[in-house]
Amino acid sequence: MTNDVPIVENELQAYVDGRLPEARRVAVDAYLAQHPEARERVTLELRQRASLRGQLEGKFAEPVPPRLWIANIQAARRATMMRRLRAVAAGVLIFAVGAGAGWLAADHGPVASVSVPPATTGVAQNATAAYRTFVVEVAHPVEVASTQEGHLLQWLSRRLGKALVAPDLAPFGYKLMGGRLLPGNGSGAAQLMYDDASGKRLTLYVRAAEGSETAFRFQREGDAATFAWIDRGFGFAVTAPVAREELMPIAEAVYRSFGSVSSSK
C-alpha cells in the first residue's frame, strides 16, 4: 500500500539519500516491492552511493600531509628566497669584478616561491568568491531567473562547452532561483543559485579545469562551506552556509546528476 499518494521521482531520490520521513519510506518500500524495474534502479543507486561514500570517507579522515603544513611551507619559501638572494649576490660580484668597478645593486626584493595548489583548490576558491559576491544580492541575485530555465541552461551549456543541468535539490529543501555566466580560468564559468524556505542560499559553480581529481575536497571560509571536485575536464563546487555533514549528501546528489548526463551520451 502507498497510502493512495503516488510515489514520484523526487521521493525515490530522497529514499536513496536516506532523507524520507518514516511513513513515506514505508510507502516507497511497498511501491518498490510491486515495481521490479524501479526496485532494480534504486538498488543500483544505493550500491553506487555506498561505494562513493566509502571511497570519499577515507579522504576526510586523512591527516594533512607534512608538505602542506604552514611551518614547512614557510621554511621552504625562506630557503628558496635565500638561494635566490645568494645567486643575485654572486651575479653582482662577478659583474663587478669583470667590469673593474665595485657597485652595490639596490632594491633587490626577495622573490618567494609559489607552490602550485591542487586544481580543486582553485575551483573551490573561485566558487567561494562568486558565492560571497552574489549570495547577498537582493535585487539581482541571478542573471537569468528559473522561469527561463531552458534558455538559461542552453546558454550556459553553449558558453561552457558542456551540457549543464540544474540538479533537483528539492529533497534537501532547495529550489532553483536561476543562474549567471562568470569569468573563469580563461573561459566561461556558470553559477546556479538555489534557496530554501528560510531564504538560505546555495550555489553550484562549474568551469573548465585541468586534472582528474574525482575525490571531493572540502573547504570552509567563514560561514561558507564548499565541496569541490574535478570530473571529465570540468571543476564543480557546491557552496552553502551549512555544516559539512549537511552539505556532503547534496554534493553527492549533484555529482550523480552530472554523472548521469555524461553516461547518457
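1. Regarding the confidence of the model for the protein
Reasoning step 1: Confidence in the prediction of the protein, expressed as mean pLDDT, is 80, and 76% of residues score 70 or more.
Reasoning step 2: A low-confidence stretch, residues 92–116 (pLDDT under 50), is modelled with 15 contacts involving residues beyond four sequence positions or located in other chains.

2. A short note on helix H5 (residues 119–134)
Reasoning step 1: Between its first and last C-alpha, H5 extends 23 Å over 16 residues, near the 22 Å set by a 1.5 Å rise per residue.
Reasoning step 2: For H5, the complete set of buried residues consists of Thr 120, Thr 121, Gly 122, Val 123, Ala 124, Ala 127, Thr 128, Ala 130, Tyr 131 and Phe 134.

3. Points about the environment of Arg 25
Reasoning step 1: By the element assignment, Arg 25 lies in helix H2 (residues 22–34).
Reasoning step 2: As a C-alpha pair, Arg 25 and Glu 11 span 14 residues in sequence and 8.7 Å in three-dimensional space.
Reasoning step 3: Once residues within four sequence positions are removed from consideration, Arg 25 is found in contact with Tyr 15 and Leu 20.

4. Comments concerning the nonpolar core
Reasoning step 1: In terms of nonpolar packing, the biggest core is built from 33 residues, with Leu 169, Tyr 174, Leu 192, Leu 202, Val 206, Val 238 and Leu 247 touching the most fellow members.
Reasoning step 2: Looking at this core, the elements that each hand over two or more residues are helix H6 (149–160), strand S3 (187–195), strand S4 (201–208), strand S6 (224–231), strand S7 (234–240) and helix H7 (244–263).
Reasoning step 3: In terms of residues, this core owes the most to one element, H7, which gives 7 residues.
Reasoning step 4: Judged by nonpolar contacts, the second largest core, of 15 residues, contains Phe 134, Met 177, Met 193 and Tyr 205.

5. A few points about the pattern of salt bridges
Reasoning step 1: Applying the stated criterion across every chain, the model contains 10 salt bridges.
Reasoning step 2: The partner of Glu 11 in a salt bridge is Arg 24, with the nearest N and O atoms 2.8 Å apart. One end of the pair, Glu 11, is in helix H1 (residues 9–17); the other, Arg 24, is in helix H2, and 13 residues separate them in sequence.
Reasoning step 3: Put simply, Arg 232 and Asp 231 hold a salt bridge, and the shortest N to O gap is 2.5 Å.
Reasoning step 4: Residue classification places Asp 231 among the buried residues on the basis of a relative accessible area of 14%.
Reasoning step 5: Each member of the salt-bridge network shares a partner with another, and the members are Glu 9, Arg 41 and Glu 45.

6. Focus on the sheet that holds strand S2 (residues 175–184)
Reasoning step 1: Strand order in the open sheet formed by 7 strands is S1-S2-S3-S4-S7-S6-S5, and the pairing between neighbours is antiparallel. Looking along the sheet, the strands with just one partner apiece sit at the ends: strand S1 (144–145) and strand S5 (217–221).
Reasoning step 2: Examined bridge by bridge, S1 and S2 share 2 bridges and lie antiparallel to one another. Each bridged residue has a counterpart across the sheet, and for Val 144 the counterpart in S2 is Gly 179.
Reasoning step 3: Sheet contacts for H5: S2, S3, S4, S5, S6 and S7; angle to S6, the most-contacted strand, approximately 135°.
Reasoning step 4: Relative to the sheet, H6 contacts S1, S2, S3, S4 and S7, its axis offset from that of S2 by approximately 25°.

7. Description of the pairing of S7
Along any regular strand, the residues point their side chains to alternate faces of the sheet.
Reasoning step 1: Counting buried positions over the 7 residues of S7 gives 7, a clear majority of the element.
Reasoning step 2: In S7, alternate side chains face the same way, and those of Phe 234, Phe 236, Val 238 and Ala 240 on one face and Gly 235, Ala 237 and Thr 239 on the other are all buried.
Reasoning step 3: One ladder, built from 6 bridges, connects S4 with S7; its direction is antiparallel. Paired with Thr 203 across the bridge in S7 is Thr 239.
Reasoning step 4: Sheet topology note: the S6/S7 ladder contains 7 bridges and is antiparallel. Opposite Phe 227, over in S7, you have Val 238 as the bridge partner.
Reasoning step 5: The turn linking S6 back onto S7 is made up of 2 residues, and Arg 232 within it adopts a positive phi angle of 55°.

Calculation rules
- Every chain is numbered independently, its residues counted from 1 as its sequence is written.
- Two thresholds apply to this predicted model, a pLDDT of at least 70 for residue-level local features and 80 or more for giving and counting side-chain atom pairs, whereas whole-chain, interface and lining totals are computed over all residues.
- To get the side-chain values, take all heavy atoms of the structure and skip hydrogens and water.
- Values of pLDDT, which run from 0 to 100, indicate the predictor's confidence residue by residue.
- Should any heavy atoms of two residues lie within 4.5 Å, those residues are considered in contact.
- Helix numbering and strand numbering both begin at the N terminus, where a helix is a DSSP run of H or I of at least 4 residues and a strand a DSSP run of E of at least 2.
- The span expected for a helix works out to 1.5 Å for each residue beyond the first.
- Whether a residue is buried, partly exposed or exposed follows from its accessible area with a 1.4 Å probe, protein chains only, as a fraction of its type maximum: under 20%, in between, or over 50%, in that order.
- To form a nonpolar core, buried Ala, Val, Leu, Ile, Met, Phe, Trp, Tyr and Cys residues must be joined to one another through side-chain atoms within 4.5 Å.
- The working definition used for a salt bridge is a side-chain nitrogen of Lys or Arg within 4 Å of a carboxyl oxygen of Asp or Glu.
- A pair of strands is labelled paired if DSSP reports no fewer than 2 bridges between them.
- Interaxial angles span 0 to 180 degrees and are taken between N-to-C directions of axes, which are lines fitted to C-alpha atoms, for helices over the stretch in contact.

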